[in-house]
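Per-entry structural report
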Amino acid sequence: GMGLQLCASAKVKPVKYPDMENHWAKSIVYKLDEYGVVSGSDDGWFYPDGTTSAASFIKMVVTSLGDIYWASNYINRALELGLIEENDFANYDAEITRGQMAKIICAAVKNPVAYDEYSIKSVIYDYAEIPEEYKEYVMQAVAEKIITCYEDGSFQPWRALTRAEACTVIVRLIDRNGGISVPSTGEPGNNQTDVSSNASFYVATNGSDSNDGSINAPFATIAAAKNAVRAMNEAGVLPEGGVTVYL
């Protein structure tokens, strides 16, 4: 019979999160993956339309605020930061609703904007159905442009937050807060005046991890910025206000 000849092809790098290929939140998810804020499932998929547990959303928010390094217990850290209160969740593994998400997001926003209550209410079609305890948070989050209503103008506070929605909200929160900032550990020895000029590092897709992280020579990954911060911390030259990482 005819011999079938096989051509050896160059090895194709598997696509990260194949289920994100044609999804509306693709660039958002990849961005957060780069920041180290989210990761996919063990099977390599992301499941953007699956729901988010309270615990994983809280972890995303805490991480987006820059507590990537020392917060081993995100829930305790969130309580410390005032992002959540003791009795907000009976079960952290349960799905988080959009109303609950709004409350956490508002606590995480630095310098909240002032807004006109009447004009914000008028764009939320189902405002009357939002539970009293979440109304102010939903209004604030909509005013901050961190959360948007659905196409029909409804907010749907009871609806479970999807992973893609969670990622979108977190990216907007990071932008709104001016980047991910890295906290100083507050240990003695961090307050030397010799800080070098780097109170901020820059990370860009066209950067390189062999760069110094300055605006003209950015790092490529957030991991490189983390290592630089860690090195500054160990050398005792971390500025008192911490270091901001711009993405």
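Relevant structure appears above.
Residues numbered from 1 in each chain as written. Predicted model: local features only at pLDDT ≥ 70, side-chain atom pairs only at ≥ 80, totals over all residues. Heavy atoms only, no water.

1. A word on the overall build of the chain
If you tally the helices and strands in the chain, you get eight helices and three strands. When the elements of the chain are put in sequence order from the N terminus, they spell out α-α-α-α-α-α-α-β-β-α-β. Burial status across the chain gives 46% buried among its 247 residues. Partitioning the contacts of the chain with sequence separation of at least 6, the portion at a separation of at least 24 is 67%. (Helix = DSSP H or I, 4+ residues; strand = E, 2+ residues; numbered from the N terminus. Buried < 20%, exposed > 50% of the residue type's maximum accessible area, 1.4 Å probe, protein only. Contact = heavy atoms within 4.5 Å.)

2. A closer look at the packing of aromatic side chains
Scanning the entire structure with this criterion turns up three aromatic pairs. Aromatic side chains Tyr17 and Tyr30 sit 6.2 Å apart centroid to centroid with 10° between the ring planes, which places their arrangement in the stacked category. Taken together, the positions of Tyr17 in the segment before α1 (26-35) and Tyr30 in helix α1 put the pair 13 residues apart, joining distant regions of the chain. Looking at Tyr17, the relative accessible area reads 4%, which means it is buried. Looking at Tyr30, the relative accessible area reads 22%, which means it is partly exposed. With 5.6 Å between their ring centres and 40° between their planes, Phe89 and Tyr92 make a pair best called tilted. Accessibility expressed as a relative area gives 10% for Phe89, which makes it buried. Taking the relative accessible area as the measure of exposure, Tyr92 reaches 22% and is therefore partly exposed. Connected via pairs of aromatic rings, a cluster forms that spans Tyr17, Tyr30 and Phe46. Here the basic side chain of Arg98 rests over the ring of Phe155, its NZ or CZ set 4.5 Å away from the ring centre. Across the ring face of Tyr150, the terminal group of Arg159 is positioned such that the distance to the ring centre comes to 4.3 Å. (Phe/Tyr/Trp six-rings, centres within 6.5 Å; stacked < 30°, edge-to-face > 60°. Lys NZ or Arg CZ within 6 Å of the ring centre and 35° of its normal.)

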